[in-house]
Amino acid sequence: MKKFAYILFLCLAFTACKPQVSKEEQHKAAMRKFETMINTADYALADELVAVDAPFYTPASPTPLYGGKGYLSVVLWMRQSFSDVQWKLEEMVAEGNIVAVRWTLSGTNDGEFMGHPATGEHFSTSVMNFYYFNDEGKIVNDIAAEGMIGIFRGIGLTSL
């Protein structure tokens, strides 16, 4: 009986001493998965990471797109113009339910983009997004800093 009590004590002690992962660290881990999701257009990851009622606004649609499927439709829209488009997570900061991410976005303009014919030019630009998480750890909003000018500049459509 003493041996059983000792083993039980050890199990409880190790469980209680196990370090708790903060919400911020959980959200950062989700963003690392999110990077994989957008670079592979993985619908299973999209369902895991994005709330079904999360609205996303994009030049690709006059109305908001919802959930992981809506978010990935933006990715697929980008692939029509930049078949090799990639997002690289460079750094992130988390506080509470918000994660700020600096991405390097790159690709080659090999398809029409927003009414402009393909230029064949490669671009690489920094973009910044703020992701908001709900209490279940799913993304419910994405606020993007304007990155279009970096794309237009990179593929030679503006001299700004």
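Whatever comes next refers back to the structure up there.
What comes next concerns the included structure. (Residues numbered from 1 in each chain as written. Predicted model: local features only at pLDDT ≥ 70, side-chain atom pairs only at ≥ 80, totals over all residues. Heavy atoms only, no water.)

## What about the packing of aromatic side chains?
No. 1: Considering all chains together, one arrives at seven aromatic pairs under this definition.
No. 2: Seen in terms of ring centroids, phenylalanine 56 and tyrosine 71 are 4.6 Å apart; in terms of plane orientation they differ by 85°. Their pairing is edge-to-face. Note that phenylalanine 56 is positioned in strand β1 (residues 55-58) and tyrosine 71 in helix α4 (residues 67-81), a separation of 15 residues in sequence. Here phenylalanine 56 and tyrosine 71 have matching classes, each one buried. (Phe/Tyr/Trp six-rings, centres within 6.5 Å; stacked < 30°, edge-to-face > 60°. Helix = DSSP H or I, 4+ residues; strand = E, 2+ residues; numbered from the N terminus. Buried < 20%, exposed > 50% of the residue type's maximum accessible area, 1.4 Å probe, protein only.)

## With respect to the pattern of salt bridges
No. 1: Here the structure, examined in full by the defined rule, presents four salt bridges.
No. 2: In this structure, lysine 33 engages glutamate 48 in a salt bridge whose closest nitrogen and oxygen atoms are separated by 2.5 Å. Note that lysine 33 is positioned in helix α2 (residues 23-40) and glutamate 48 in helix α3 (residues 43-49), a separation of 15 residues in sequence.
No. 3: Residue lysine 33 is classed as partly exposed on the basis of its relative accessible area of 40%.
No. 4: Under the relative-accessibility criterion, glutamate 48 is labelled partly exposed at 38%. (Salt bridge = Lys/Arg side-chain N within 4 Å of Asp/Glu carboxyl O.)

## A look at the pairing of strand β4 (residues 98-108)
No. 1: Of all eleven residues in β4, eight are buried; the element is thus mostly enclosed.
No. 2: The pairing of strand β3 (residues 86-95) with β4 spans nine bridges and is classified as antiparallel. Along β4, the bridge assignment pairs alanine 94 with valine 99.
No. 3: Where β4 meets strand β5 (residues 122-133), eleven bridges bridge the pair, whose relative direction is antiparallel. Looking at the pairing, isoleucine 98 lines up with tyrosine 132 of β5. (Pairing = 2+ DSSP bridges.)

## Details of the side chain of serine 81
No. 1: Examined against the element boundaries, serine 81 turns out to sit in helix α4.
No. 2: One polar contact links the side chain of serine 81 to the main-chain carbonyl oxygen of glutamate 112, over a distance of 2.5 Å.
No. 3: The residues contacting serine 81, other than those within four sequence positions of it, are Thr108, Asn109, Asp110, Gly111, Glu112 and Phe113. (Polar contact = N/O pair within 3.5 Å; in protein donor to acceptor, adjacent residues only side chain to side chain. Contact = heavy atoms within 4.5 Å.)

## Notes on α4
No. 1: Under the 1.5 Å per step criterion, the end-to-end length of α4 is 23 Å for 15 residues, consistent within 8% with the ideal 21 Å.
No. 2: Among the residues of α4, those classed as buried are Gly67, Gly68, Gly70, Tyr71, Leu72, Val75, Trp77, Met78 and Ser81. (Expected span 1.5 Å × (residues − 1).)

## Observations regarding a nonpolar patch on the surface
No. 1: Together, Ile98, Phe130 and Ile143 make up an exposed nonpolar region whose accessible area comes to about 220 Å².
No. 2: Within the secondary structure, phenylalanine 130 sits in strand β5.
No. 3: The class of phenylalanine 130 is partly exposed, set by a relative accessible area of 32%. (Patch = residues over 30% accessible without salt bridge, like charges linked within 9 Å, V, L, I, M, F, W, Y side chains within 5 Å. Areas by Shrake-Rupley, 256 points an atom, 1.4 Å probe, with all protein chains shown as cover.)

## Thoughts on the packing of α2 against α4
No. 1: Look at α2 against α4: their axes get within 9 Å of each other, and the N-to-C directions meet at 50°. Of the possible angle classes, the one that applies to α2 and α4 is oblique. In this structure, α2 uses Phe34, Met37, Ile38, Asn39 and Thr40 to contact α4, whose residues at the interface are Tyr71, Leu72, Val75 and Arg79.
No. 2: Counted by class, the contact of α2 with α4 contains six nonpolar, two polar and one charged residues. (Axes fitted to C-alpha atoms, helices over the stretch in contact; angles between N-to-C directions. Parallel < 35°, antiparallel > 145°, perpendicular 65-115°, else oblique. Nonpolar A, V, L, I, M, F, W, Y, C, P; charged D, E, K, R; others polar.)

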